[in-house]
Amino acid sequence: MTLPGLALLIIAVAFAEVGYRKMTGRAALPWMRESAGPSAAGIGFEQFDALFDAGKRHEFEERQTVLMHRENPGDGTAGAAEIDLSTGRARLPRA
């Protein structure tokens, strides 16, 4: 497939997605129904842009790295430690 053909295919998918969303009120792809993130066409255009812009490709790789290494507060902790700065003591809860 040529690059103009790919661009036209992405545009056709964008129009189909918008039309489906207007007719049914929900996203066509099951994994995109829950989130309020970018549409499938938006993701396609970003990937198309990454073909020509190395900085954009690097941004996608960094985004994937951040998603894989995300830490939520409180994960893996046994409980809150009590720290008294006036006496210089810290009390750690038992696991």
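Looking only at helices and strands, the protein chain has three helices and two strands in total. Listed N to C, the secondary structure of the protein chain is α-α-α-β-β in terms of helices and strands. Across the 95 residues in the protein chain, those meeting the buried criterion constitute 13%. Surface summary for the protein chain: the accessible area is close to 8100 Å², and the carbon and sulfur share equals 60%.

We now examine the confidence of the model for the protein chain. For the protein chain, per-residue confidence averages 75 on the pLDDT scale, and 74% of positions sit at 70 or higher. Taking the mean pLDDT of every element in the protein chain, the minimum, 73, falls on helix 2 (residues 40–52) and the maximum, 85, on strand 2 (residues 89–91).

A few words now on the environment of arginine 63. Here arginine 63 shows up in helix 3 (residues 54–68). Side chain to side chain, arginine 63 and glutamate 59 meet in a polar contact 2.8 Å long.

Before going further, it helps to spend a moment on the pattern of salt bridges. Side chains that differ in sign of charge can pair as their charged atoms come close. For the coordinates displayed, the defined rule picks out three salt bridges. With its nearest N and O atoms 3.5 Å apart, the salt bridge here joins arginine 21 to glutamate 17. Here glutamate 17 and arginine 21 lie together in helix 1 (residues 3–24), a separation of four residues that amounts to about one turn. The salt bridge partner of glutamate 59 is arginine 63, with a shortest N-O separation of 2.8 Å. Here the residue glutamate 59 and the residue arginine 63 both occupy positions in helix 3, the gap between them amounting to four residues, near one helical turn. For glutamate 59, a relative accessible area of 37% corresponds to the partly exposed category.

So, on to the environment of glutamate 17. For glutamate 17, a relative accessible area of 11% translates into the label buried. In the structure, glutamate 17 is positioned 10 residues away from alanine 27 in sequence and 7.4 Å away in space, judged by C-alpha atoms.

The next thing to look at is helix 1. The periodicity of an α-helix, 3.6 residues per turn, causes residues three or four places apart in sequence to face the same way. Its 22 residues give helix 1 an end-to-end C-alpha distance of 31 Å, which sits within 8% of 32 Å, the value for a rise of 1.5 Å per residue. Within helix 1, burial applies to Ala7, Ile10, Ala14 and Glu17. Taken end-on, helix 1 shows its buried residues confined to a sector of 85 degrees, consistent with a single buried face. Exposed residues pointing more than 90 degrees away from the buried face of helix 1 are listed as Pro4, Leu8, Phe15 and Met23. Phi turns positive, to about 80 degrees, at glycine 25, one or two residues after helix 1.

Scoring rules and cut-offs
Residues numbered from 1 in each chain as written. Predicted model: local features only at pLDDT ≥ 70, side-chain atom pairs only at ≥ 80, totals over all residues. Heavy atoms only, no water. Helix = DSSP H or I, 4+ residues; strand = E, 2+ residues; numbered from the N terminus. Buried < 20%, exposed > 50% of the residue type's maximum accessible area, 1.4 Å probe, protein only. Areas by Shrake-Rupley, 256 points an atom, 1.4 Å probe, with all protein chains shown as cover. pLDDT = per-residue confidence, 0-100. Polar contact = N/O pair within 3.5 Å; in protein donor to acceptor, adjacent residues only side chain to side chain. Salt bridge = Lys/Arg side-chain N within 4 Å of Asp/Glu carboxyl O. Expected span 1.5 Å × (residues − 1). Arc of directions from axis to C-beta.

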